[in-house]
Amino acid sequence: MGTWVLLLPLLFAAEAQAQGTVCSVEKTFLTVEENTNPGEPLLDIYVPEGQQVTLGPSSTPFAFRIQGNQLFLNVTPDYEANTMLEALLECRSGVSAVTQLRVFVSVLDVNDNPPRFPYETKLWEVPEDTRVNTTVVSETELEAQDQDQDDVLFYTLQEVTLGASSFFSLVGANRPALRLDQSLDLERWPNMTFRLLARDTQETGKPSHTATATLVLEVQPVDLRPPWFLPCSYSDGLVCIHAQYRGAVPTGHRLPGPLILHPGPVYAVDGDRGISQPIKYSIISGNEDSTFSISADSGNLTMTKSIPNAKTFLLVVKGEQADNARYSVTQVTVEARNASGSVPHFTQSLYRGTVGLGSGVGTAIKDAADPSQPLRIRAQDPEFPDLNSAITYRITNNSAFRMDGEAVLTAASLEHAGVFYAEVKAENTVSSGTATTVVEIQVSEQEPSPTGASPPTSPGSSRNTWIPGTSETARTEGRPDGGQAGDRRFSEAEMAALGGVLSALLLLALIALTVLVYKHYGHRLACGFGRALKSQPQGFDNQAFLNDSDNANWVPAPSPSPSHALPAPQEPEPPEPAPPSPETPRGLSEAPAKGADGGSPAAVRSILTKERRPEGGYKAVWFGEDIGAEADVVVLNTPASEVGGAGDSGSEGSGDEAADAQDALGTDSIHF
């Protein structure tokens with residue numbers, strides 16, 4: 001033990017001597033973040049005197065440099081390029097190597113790269129009959145790439161098409177696979193657009209990077225629906241209750257042209273608008289003796305022979321897709337009636353239609369009273385209450401328009417606005433009887449807006465108006481208006497409901513107004529109405545002054561007390577006075593006044609007179625003689641000791657009561 005104690009100083013001295021003869025560094029393992037500025041030294045190198053330090057050949061190429069006795073990074077470190085850098089330090093004395101040191105530098109990852117999608121916009125086609133919860137686009141097709149290897153991406157699906165988010169969603173926040181959540185509807189949602197957002201941090205507060213891409217999903221039509229015979233008696237875009245057609249023909253005659261049917265010609269379209277297979281027509285039952293024939297391409301129903309006796313045919317017509325995938329059937333009722341050949345007539349002498357300026361050939365003229373419906377012109381036959389297929393129509397004097405069955409179509413492009421007139425001639429091909437009427441057509445710059453009931457439509461589109469007609473063009477195109485009819489905004493039921501609500505509100509407003517008027521002015525109205533019921537004498541004679549003997553029972557009332565109190569009269573009520581004349585001032589009673597002597601004839605005086613009497617002892621109301629002049633009513637006062645109190649005879653606004661009111665106000669005359 002004592003020996004080792006003596007040797008320790010010698011060992012420390014040898015170690016110190018050894019350190020002073022070789023190269024050394026404080027650390028051989030360092031860490032730096034990527035994108036670190038290479039201008040700062042990594043570490044200091046101890047180099048003994050007489051030696052030099054250099055980078056060995058196994059060092060990471062171009063990564064380091066030695067400047068003086070310090071080790072520097074020569075490049076900006078990039079974790080994605082190289083996660084570990086190595087520097088081999090060689091100390092040499094002359095040409096011989098004294099020692100070697102290995103220094104390792106670990107590059108730490110920093111979130112410095114944004115995620116990137118391998119596409120900007122991507123289109124996928126999704127069949128309409130795709131099942132719910134099906135993954136329509138896989139995760140690998142949608143995911144973004146991030147060069148930061150340790151980053152975890154978070155995805156968000158944002159709708160661009162309003163309401164589209166109810167159809168699709170992502171499988172998870174870190175899994176961008178697209179899943180179907182609701183059955184697709186090609187008619188209402190033919191395509192949907194989304195924005196896919198990728199973020200490299202979950203929390204938005206941290207420094208993060210994002211990327212976006214656009215996803216477009218187009219719904220592909222699938223053959224789901226059979227052909228629809230138009231017009232549908234009911235349709236919601238998915239189903240159609242087929243039309244039932246009917247017509248009438250005369251017996252004993254074979255009509256040369258296609259039959260005119262109601263509500264229009266036999267016409268069907270593919271129920272799947274996106275597929276739109278052509279339709280083939282055929283009669284599968286009810287065609288006794290092959291009396292009728294139908295065009296396989298157009299659906300025109302014609303007669304092959306005459307019908308000798310009155311009878312009804314119930315034809316079952318089949319409409320089948322050209323690819324034979326689906327078909328539908330409908331019924332055509334044709335009634336054969338005995339006819340003597342009556343003359344047709346129009347119920348209107350003038351029909352009004354409207355059409356937009358610039359409409360091309362084959363555009364249907366709309367009914368001016370209901371622009372949602374095509375204008376239909378039908379002549380009446382007394383022997384055929386509904387319609388007669390033997391009646392044909394044509395326009396005789398205007399080449400810009402033509403008849404297509406009962407519908408009016410354009411025969412040329414309309415380049416000028418204005419009002420045009422056309423004569424329509426109806427001819428019964430059996431009896432040769434004719435009738436004419438006039439059509440007024442308004443060509444305007446703005447398309448007529450629909451105001452009535454919804455027109456029959458083709459499947460899936462409320463803008464494709466079905467036009468009744470018989471021509472091959474109308475049947476083949478299906479929409480002579482080119483599908484440009486305006487969207488119908490409100491149904492007939494909705495407008496009726498709105499009218500009912502407005503009527504109820506108007507009725508409530510009138511009731512409230514009546515209650516308010518009665519509450520505030522009811523007493524005045526009752527008074528005025530009562531006065532109006534009284535008979536008013538004609539002329540300007542004042543009936544109250546024609547006979548003073550009628551006032552014999554008028555006597556002065558007892559004088560009032562000094563406080564002007566009016567005691568209740570004790571005498572019996574006088575008889576009803578004569579009706580007032582127009583000259584009698586309102587508010588002054590014509591009732592008689594009793595005298596203080598108990599009704600002495602000598603004391604009876606009338607307070608109403610036609611001449612001013614200056615003598616005192618009574619009160620009088622004087623009227624001017626000139627009827628046209630302003631009435632001058634003067635109340636003459638008597639001395640207080642002689643004036644008797646004015647009694648209330650029960651009439652409203654008596655003369656004595658008015659006189660007392662005049663005394664209280666301190667005035668002697670009242671002018672009207």
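Residues numbered from 1 in each chain as written. Predicted model: local features only at pLDDT ≥ 70, side-chain atom pairs only at ≥ 80, totals over all residues. Heavy atoms only, no water.

For the protein chain, the helix and strand inventory stands at five helices and 37 strands. The 672 residues of the protein chain split such that 38% are buried. Sequence separation of 24 or more characterises 66% of the internal contacts of the protein chain that already satisfy a separation of 6 or more. For the protein chain, the exposed surface amounts to about 36800 Å²; the carbon and sulfur share of it is 53%. (Helix = DSSP H or I, 4+ residues; strand = E, 2+ residues; numbered from the N terminus. Buried < 20%, exposed > 50% of the residue type's maximum accessible area, 1.4 Å probe, protein only. Contact = heavy atoms within 4.5 Å. Areas by Shrake-Rupley, 256 points an atom, 1.4 Å probe, with all protein chains shown as cover.)

Looking at the element boundaries, aspartate 44 is found in strand E3 (residues 41-46). It is 6.5 Å that separates the C-alpha atoms of aspartate 44 and valine 25, two residues lying 19 residues apart in sequence. Apart from the residues lying within four places of it in its own chain, the contact partners of aspartate 44 are Ser24, Val25, Asn69 and Gln70. Looking at aspartate 44, its side chain comes within polar contact range of the side chain of glutamine 70, at 2.9 Å. (Polar contact = N/O pair within 3.5 Å; in protein donor to acceptor, adjacent residues only side chain to side chain.)

Once that is clear, we can look at unusual backbone geometry. What you tend to see is this: most non-glycine residues have negative phi, and most peptide bonds are trans. Cis geometry is found at the peptide bond from leucine 230 to proline 231, where omega equals 0 degrees. Tracing the backbone shows proline 231 in the loop between strand E16 (228-229) and strand E17 (234-235). In the Ramachandran plot, phenylalanine 62 falls in the positive-phi region, its phi being about 60 degrees despite a non-glycine side chain. In this fold, phenylalanine 62 is placed in the loop between strand E4 (52-55) and strand E5 (64-67). Looking at phenylalanine 62, the relative accessible area reads 69%, which means it is exposed. One non-glycine residue, asparagine 324, lies in positive phi territory at about 60 degrees. Counting through the fold element by element, asparagine 324 comes out in the loop between strand E24 (311-321) and strand E25 (327-337).

What follows is about the pairing of strand E28 (residues 370-374). Of all the five residues making up E28, four are buried; the element is thus mostly covered by neighbouring parts of the structure. Here two bridges tie strand E27 (residues 366-367) to E28, and the two strands are oriented antiparallel to one another. From the neighbouring strand, lysine 366 faces E28, where its bridge partner is proline 374. The hairpin formed by E27 and E28 contains two residues between the paired strands. (Pairing = 2+ DSSP bridges.)

This part takes up the state of the cysteines. The tally for this structure, following the rule as stated, stands at two disulfides. Across the disulfide from cysteine 23 sits cysteine 91; the S-S distance is 1.4 Å. Looking along the S-S bond of the cysteine 23-cysteine 91 disulfide, the torsion reads about -125 degrees, which is the left-handed sense. In this pair, cysteine 23 sits in the loop between helix H1 (2-19) and strand E1 (24-25) while cysteine 91 sits in strand E7 (residues 84-93), placing the two residues 68 residues apart along the sequence. The partner cysteine of cysteine 232 in its disulfide is cysteine 240, sulfur to sulfur 1.9 Å. Taking the torsion about the S-S bond as the criterion, the cysteine 232 to cysteine 240 disulfide, at about -105 degrees, is left-handed. A relative accessible area of 14% places cysteine 232 in the buried class. With a relative accessible area of 13%, cysteine 240 lands in the buried category. (Disulfide = S-S within 2.5 Å.)

Enumeration according to the criterion identifies 16 salt bridges in this entry. Residue arginine 102 pairs with glutamate 86 through a salt bridge whose shortest N-O separation is 2.4 Å. Placement of the pair is arginine 102 in strand E8 (residues 96-108) and glutamate 86 in strand E7, with a sequence separation of 16 residues. Across the pair glutamate 406 and arginine 376 runs a salt bridge, and its minimum N-O distance is 2.9 Å. On the criterion of sequence distance, the pair formed by glutamate 406 in the loop between strand E30 (401-404) and strand E31 (407-410) and arginine 376 in the loop between E28 and strand E29 (391-395) is long-range, its members being 30 residues apart. One salt-bridge network, held together by shared partners, links Glu128, Glu187, Arg225, Asp272 and Arg273. (Salt bridge = Lys/Arg side-chain N within 4 Å of Asp/Glu carboxyl O.)

Here we come to the nonpolar core. Ranked by internal contacts, the top residues of the largest apolar core, which has 29 residues, are Leu259, Val266, Phe292, Leu301, Val332 and Val334. Looking at this core, the elements that each hand over two or more residues are E16, strand E19 (245-250), strand E20 (268-269), strand E21 (279-285), strand E22 (292-294), strand E23 (301-303), E24 and E25. If you look at the next biggest cluster of nonpolar residues, it comprises 26 residues, including Val137, Phe167, Leu180 and Leu196. (Core = buried A, V, L, I, M, F, W, Y, C linked by side-chain atoms within 4.5 Å.)

With that settled, consider the environment of glutamate 139. Mapped onto the elements of the fold, glutamate 139 is located in helix H2 (residues 139-142). Here glutamate 139 falls in the partly exposed class, since its relative accessible area comes to 24%. As for glutamate 139 and alanine 177, which are separated by 38 residues in sequence, their C-alpha atoms are 4.0 Å apart.

This next bit is on the sheet that holds E4. In space, the four strands of this open sheet follow the order E2-E8-E7-E4, with mixed pairing throughout. On the outer flanks of this sheet lie strand E2 (29-33) and E4, each paired with one strand and no other. Pairwise comparison of adjacent strand axes, ignoring direction, gives a mean angle of 30 degrees for this sheet. With ten bridges joining them, E7 and E8 adopt antiparallel strand pairing. Each residue of the ladder has a partner; that of leucine 88, found in E8, is arginine 102. (Axes fitted to C-alpha atoms, helices over the stretch in contact; angles between N-to-C directions.)

Moving on: the packing of aromatic side chains. Each aromatic ring pair is specified by the distance between its two centres and by the angle formed by the two planes. In the structure shown here, the tally under the stated rule is eight aromatic pairs. Centre to centre, the rings of tyrosine 119 and tryptophan 124 are 6.4 Å apart; their planes meet at 85 degrees, and the pair counts as edge-to-face. No difference in accessibility class separates tyrosine 119 from tryptophan 124, as the two residues are buried. Measuring from centroid to centroid gives 5.1 Å for phenylalanine 292 and phenylalanine 313, while their planes differ by 85 degrees, and the two rings are edge-to-face. One end of the pair, phenylalanine 292, is in strand E22; the other, phenylalanine 313, is in strand E24, with 21 residues separating them in the sequence. A cation sits over an aromatic face here: lysine 318 above tyrosine 327, 4.5 Å from the ring centre. (Phe/Tyr/Trp six-rings, centres within 6.5 Å; stacked < 30°, edge-to-face > 60°. Lys NZ or Arg CZ within 6 Å of the ring centre and 35° of its normal.)

Taken together, the four strands give an open sheet; going across it, the order is E9-E15-E14-E11, and neighbouring strands pair in mixed fashion. In this open sheet, the two edge strands, each paired with only one partner strand, are strand E9 (121-127) and strand E11 (154-159). The average undirected angle you get between the axes of adjacent strands in this sheet is 25 degrees. Pairing geometry for E9 and strand E15 (residues 210-220), over seven bridges, is parallel. Looking at E15, one finds that threonine 121 is bridged to threonine 214.

With that settled, the discussion passes to a nonpolar patch on the surface. A grouping of Met495, Leu498, Val501, Leu502, Leu505, Leu507, Leu508, Ile511 and Val515 is seen on the molecular surface, where their side chains present a nonpolar patch of about 860 Å² in accessible area. Along the chain, leucine 505 turns up in helix H4 (residues 492-533). Given the relative accessible area of 51%, leucine 505 is considered exposed. (Patch = residues over 30% accessible without salt bridge, like charges linked within 9 Å, V, L, I, M, F, W, Y side chains within 5 Å.)

Okay, the side chain of threonine 363 next. Mapped onto the elements of the fold, threonine 363 is located in the loop between strand E26 (350-356) and E27. You can call threonine 363 buried: its relative accessible area is 11%. At a separation of 2.9 Å, a polar atom in the side chain of threonine 363 contacts the main-chain carbonyl oxygen of glycine 360.

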